[in-house]
Amino acid sequence: NKVDLVATGPRTKKAFAAAKGVIFETSMDDTMIVMFNDRAAFQGYSYLGVRQGSGCLCSVVFGDLKKLKGCFEETKHLFHRLLDFDIRNPSLMSGVGAISMRPTFRSGTTLYAGEAAGLQDLLYGFGIRSALQSGALAAKCLLDGSDYEHAARPRFVNRLKAGLVNRYVWEKLGRLPGLDAFHVRGAELFLRHPRWICNLRLWHRLAWPIANRYISRNYGNRVS
């Protein structure tokens, strides 16, 4: 059957990040806590989120995905050591992050949006913003007959490049002596100034050749 638009999530088996966690019921008050600790989430982050009695405890690992199981166990240990909260009726959850520097926006007459097109942020693994924006753009192009790929490629490929450079800076500076708080401050900067971080700027362009080599060497074929 003919499909106009595919927006199903990652279509590739190559994942640069993976998440493992548990969804549960709890009496804990509403909260959102993010932890940066390589033992609990290698090159990534762990989080505990609670909203109206529903909670999620998760570890997100980048690069070396074999560490995920051990990282999640450490995540549980650290959060339970820091906080007193109950877990009722738990169910496991998991996911992967996949990205392509050569995203597929069209195949024949079928359009691709979001992670199905290869759009995801290499820094934190976020994909919802690009999914919504590319999906809306694809729908508009289907309705008015304009060229979706021509409109999407410059807009989203530059954002992919910015995310790659951001990941490079995150990993390199976060490991320098005396910069233990870099990840926390970087996350604060991301939340306060997402456009400056996520959109391709001059400093991204200058760092791109070095960052591209670093990602190719350390992530191999995970970034297709």
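Check the entry above for the structure.
Residues numbered from 1 in each chain as written. Predicted model: local features only at pLDDT ≥ 70, side-chain atom pairs only at ≥ 80, totals over all residues. Heavy atoms only, no water.

Caption draft 1: Quick peek at the nonpolar core. Core analysis: the largest hydrophobic core is formed by 38 residues, its most contacted members being Phe16, Phe62, Phe105 and Tyr148. Residue assignment for this core shows that the elements contributing at least two residues are strand E2 (17-25), strand E5 (54-62), strand E8 (110-112), helix H2 (128-144), helix H3 (148-173) and helix H6 (202-219). Among the elements that take part in this core, H3 stands out by supplying 8 residues, more than any other. The contacts of Tyr148, once residues within four sequence positions are left out, are Phe105, Arg106, Leu111, Tyr112, Ala113, Ser134, Leu137, Ala138 and Cys141. (Core = buried A, V, L, I, M, F, W, Y, C linked by side-chain atoms within 4.5 Å. Buried < 20%, exposed > 50% of the residue type's maximum accessible area, 1.4 Å probe, protein only. Helix = DSSP H or I, 4+ residues; strand = E, 2+ residues; numbered from the N terminus. Contact = heavy atoms within 4.5 Å.)

Caption draft 2: Highlighting the environment of Ala207. Its place among the elements puts Ala207 in helix H6. On the accessibility criterion, Ala207 (18% relative accessible area) is buried. C-alpha separation for the pair Ala207 and Tyr168, spaced 39 residues apart in sequence, amounts to 9.1 Å.

Caption draft 3: Molecular detail of the pattern of salt bridges. Tallied over the full model, the rule gives 9 salt bridges. Ionic pairing is found between Lys2 and Asp4, a salt bridge with its closest N-O pair at 2.5 Å. Look at Asp4 and you get partly exposed, because its relative accessible area is 41%. The shortest N-O distance in the salt bridge between Asp64 and Lys67 comes to 4.0 Å. (Salt bridge = Lys/Arg side-chain N within 4 Å of Asp/Glu carboxyl O.)

Caption draft 4: Region of the structure containing H6. For H6, built from 18 residues, the straight-helix expectation of 26 Å at 1.5 Å per residue is met to within 8% by its first-to-last C-alpha distance of 24 Å. At Trp208, H6 is deflected by roughly 55°, the largest bend along its length, and proline Pro209 occurs up to four residues later in sequence. Listed in full, the buried residues belonging to H6 are His204, Ala207, Ala211, Tyr214, Ile215 and Tyr219. (Expected span 1.5 Å × (residues − 1). Bend = angle between axes of the 7 residues up to and from the residue.)

Caption draft 5: Geometry of the sheet that holds strand E1 (residues 5-6). The 3 strands lie next to each other as E1-E8-E7, forming an open sheet whose pairing is mixed. Whereas interior strands pair on both sides, the edge strands pair on one side only; in this sheet they are E1 and strand E7 (106-107). One ladder, built from 2 bridges, connects E1 with E8; its direction is parallel. What sits directly across from Val6, in E8, is Tyr112. (Pairing = 2+ DSSP bridges.)

Caption draft 6: Up close: unusual backbone geometry. In this structure, Gln52 takes a positive phi of about 50° despite not being glycine. With respect to the helices and strands, Gln52 occurs in the loop between strand E4 (45-51) and E5. Positive phi, normally seen in glycine, also occurs at Asn89, with a value near 50°. Here Asn89 is to be found in strand E6 (residues 88-97). The exposed category is assigned to Asn89, whose relative accessible area is 56%.

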